[in-house]
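Each chain is listed here by its residues.
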Amino acid sequence: GVIYDPLQDELFSAELNGGACLNNKKIKHNDAGDPIKQTISLERGEGIKGKERLAKIFCQMTTATRSIRIPGATALNLAHLADNRFDALINSDCNFYDCAAGCLIAQEAGVAVTDFSGKKWQLKGDQQTDILAADKKYIHQYVRLLKNV
């Protein structure tokens, strides 16, 4: 997987079982501690349904985390998560072409990438999928928070 950010001139890359890199230097995600201390990235699917679901997720996460960002560009945000610029990422209804490379980069940097039930994330053809990406020690806490969204 490859993601290029032309504004920062950063090239994120990963190969299955080969680790993740930023501009050809290895990167590794670090544990940021309990979710209450974490800065997370939220993303959403399209349309009214996606906006309504994001609002529910936002409400759940507001008191459970230190800070929330909604920057857009899921693939790039997953790469930023791999490089420790975020501590977790939650995306509802993501299109595969918006997240596949980012999921691989995050996984290869040591991030656990799952669906909202905690099952390992996988491509589902052209179907939209939910993504929860965080340190594996805290996935279960996020799953509990996302249970009713």
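This text gives an overview of the structure that appears in the document. (Residues numbered from 1 in each chain as written. Predicted model: local features only at pLDDT ≥ 70, side-chain atom pairs only at ≥ 80, totals over all residues. Heavy atoms only, no water.)

Right, let's get into the nonpolar core. Within the largest apolar cluster, 17 residues are counted, with the highest numbers of intra-cluster contacts made by Ile 40, Met 61, Ile 90, Leu 132 and Tyr 142. If you tally residues by element for this core, the top one is helix H4 (residues 139–146), at four residues. (Core = buried A, V, L, I, M, F, W, Y, C linked by side-chain atoms within 4.5 Å. Buried < 20%, exposed > 50% of the residue type's maximum accessible area, 1.4 Å probe, protein only. Helix = DSSP H or I, 4+ residues; strand = E, 2+ residues; numbered from the N terminus.)

What follows concerns a nonpolar patch on the surface. Taken together, Val 2, Tyr 4 and Leu 11 make up a surface patch of nonpolar side chains, about 280 Å² in accessible area. Inspection of the secondary structure assignment puts Tyr 4 in strand S1 (residues 2–5). (Patch = residues over 30% accessible without salt bridge, like charges linked within 9 Å, V, L, I, M, F, W, Y side chains within 5 Å. Areas by Shrake-Rupley, 256 points an atom, 1.4 Å probe, with all protein chains shown as cover. Salt bridge = Lys/Arg side-chain N within 4 Å of Asp/Glu carboxyl O.)

To continue, consider unusual backbone geometry. With a phi angle near 55°, Asp 9 is a residue other than glycine that sits in the positive phi range. Following the sequence through the fold, Asp 9 ends up in the loop between S1 and strand S2 (10–14).

Moving on, we come to the packing of helix H2 (residues 74–82) against helix H3 (residues 96–108). Two numbers describe a pair of packed helices, the interaxial angle and the distance between the axes. The geometry of H2 relative to H3 is characterised by a closest axis approach of 7 Å and an angle of 5° between their N-to-C directions. Here H2 lies roughly parallel to H3, going by the angle between them. Residue-level inspection shows Thr 74, Ala 75, Leu 78, Ala 79 and Ala 82 of H2 in contact with H3, the latter providing Asp 98, Cys 99, Gly 102, Cys 103, Ile 105 and Ala 106. Looking at the contact of H2 with H3, its residues break down into eight nonpolar, two polar and one charged. (Axes fitted to C-alpha atoms, helices over the stretch in contact; angles between N-to-C directions. Parallel < 35°, antiparallel > 145°, perpendicular 65-115°, else oblique. Contact = heavy atoms within 4.5 Å. Nonpolar A, V, L, I, M, F, W, Y, C, P; charged D, E, K, R; others polar.)

Before going further, it helps to spend a moment on H2. Across the nine residues of H2, nine count as buried, placing the element largely inside the fold. Inspection of H2 places Thr 74, Ala 75, Leu 76, Asn 77, Leu 78, Ala 79, His 80, Leu 81 and Ala 82 among the buried residues, and these make up the whole buried set. In the stretch just after H2, Asn 84 is the one whose phi turns positive, near 70°.

This brings us to the pattern of salt bridges. Under the criterion given, the structure shown has five salt bridges. Measuring nitrogen to oxygen at the nearest pair gives 2.8 Å for the salt bridge that ties Glu 10 to Arg 85. Of this pair, Glu 10 sits in strand S2 while Arg 85 sits in the loop between H2 and strand S7 (88–94), and the two are 75 residues apart along the sequence. Where Arg 53 meets Asp 93, a salt bridge forms, and the shortest distance between an N and an O atom there is 3.2 Å. Taken together, the residues span a long stretch of sequence, with Arg 53 in helix H1 (residues 47–62) and Asp 93 in strand S7 at a distance of 40 residues. Accessibility classification places Arg 53 together with Asp 93 in one group, the buried group. When salt bridges that share partners are traced, they join Glu 10, Asp 83 and Arg 85 into one network.

Right, let's talk about the state of the cysteines for a bit. As enumerated under the stated definition, the model contains zero disulfides in all. The closest cysteine sulfur to the non-disulfide-bonded Cys 94 is located on Cys 99, 3.2 Å from its own sulfur. Judged by relative accessible area, which is 3%, Cys 94 ranks as buried. (Disulfide = S-S within 2.5 Å.)

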